[in-house]
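# Per-entry structural report
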Amino acid sequence: MSVRIDDIEPVIVGPGCLRRDLPSTRDVRVWVVDMVPGSQWPSVDVHDTGEEVFVVSGELIEGEQRLGPGSYLFFPPGSRHQPRTETGVRLFGINLVAPASAR
């Protein structure tokens, strides 16, 4: 299966933050997030199963770190963060889906 990312209907996560869920298995979530310049993720993001992020374009700010295209981030299970951007950013991410018994 192939899709054009920009053809997938986005989900509005918060002001200036859009997520597009990509086809994947029931055990893994794969997604793309676009954040407009000056936006911040609307809440602290908590990772029960961890999260992996690749910066495709723009700049992501995590704490005091500024991460540009080609940057890879790994958030272990139990981690928390609240990303933001001054320039805008597109991220590609993957995380495991928690078993129904853990939700």
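This text gives an overview of the structure that appears in the document.

Reading the values: the criteria
Note that residues are indexed from 1 along each chain, following the sequence as it is written. Per-residue local features of the predicted model are confined to residues with pLDDT of at least 70, and side-chain atom pairs are confined, for both listing and counting, to 80 or more; whole-chain, interface and lining totals are unaffected and use all residues. Working from all heavy atoms in the structure, the side-chain values ignore hydrogens and water. Only when DSSP finds a minimum of two bridges between them are two strands counted as paired. For the purposes of this entry, the term helix denotes a DSSP run of H or I that reaches at least four residues, the term strand denotes a run of E that reaches at least two, and both are numbered from the N terminus. Only buried residues count toward a nonpolar core, which is a set of Ala, Val, Leu, Ile, Met, Phe, Trp, Tyr and Cys residues joined through side-chain atoms within 4.5 Å. Exposure is judged per residue with a 1.4 Å probe applied to protein chains only, and the accessible area is read against the type maximum: over 50% gives exposed, under 20% gives buried, and values in between give partly exposed. Throughout, a residue-residue contact means that at least one pair of heavy atoms, one from each residue, lies within 4.5 Å.

Pairing between strand β1 (residues 11-14) and strand β2 (residues 17-22): three bridges, direction antiparallel. Note that in β2 the partner of Ile12 across the bridge is Leu18. Connecting β1 to the next strand, β2, in antiparallel fashion are two residues, including Gly16 with a positive phi near 75 degrees.

Among the nonpolar cores identified, the biggest contains 13 residues, and Val55, Leu60, Leu73 and Leu91 are the most heavily contacted of them. The set of elements that each furnish at least two residues to this core consists of β3 (28-35), β5 (51-58), β8 (72-75) and β10 (89-96). Ranked by residues supplied to this core, first place goes to β3 with three residues. In contact with Leu60, not counting residues within four places along its chain, are Val55, Gln65, Arg66, Leu67, Leu73, Pro83, Arg84, Val89 and Leu91.

That is the geometry; function is a separate question.
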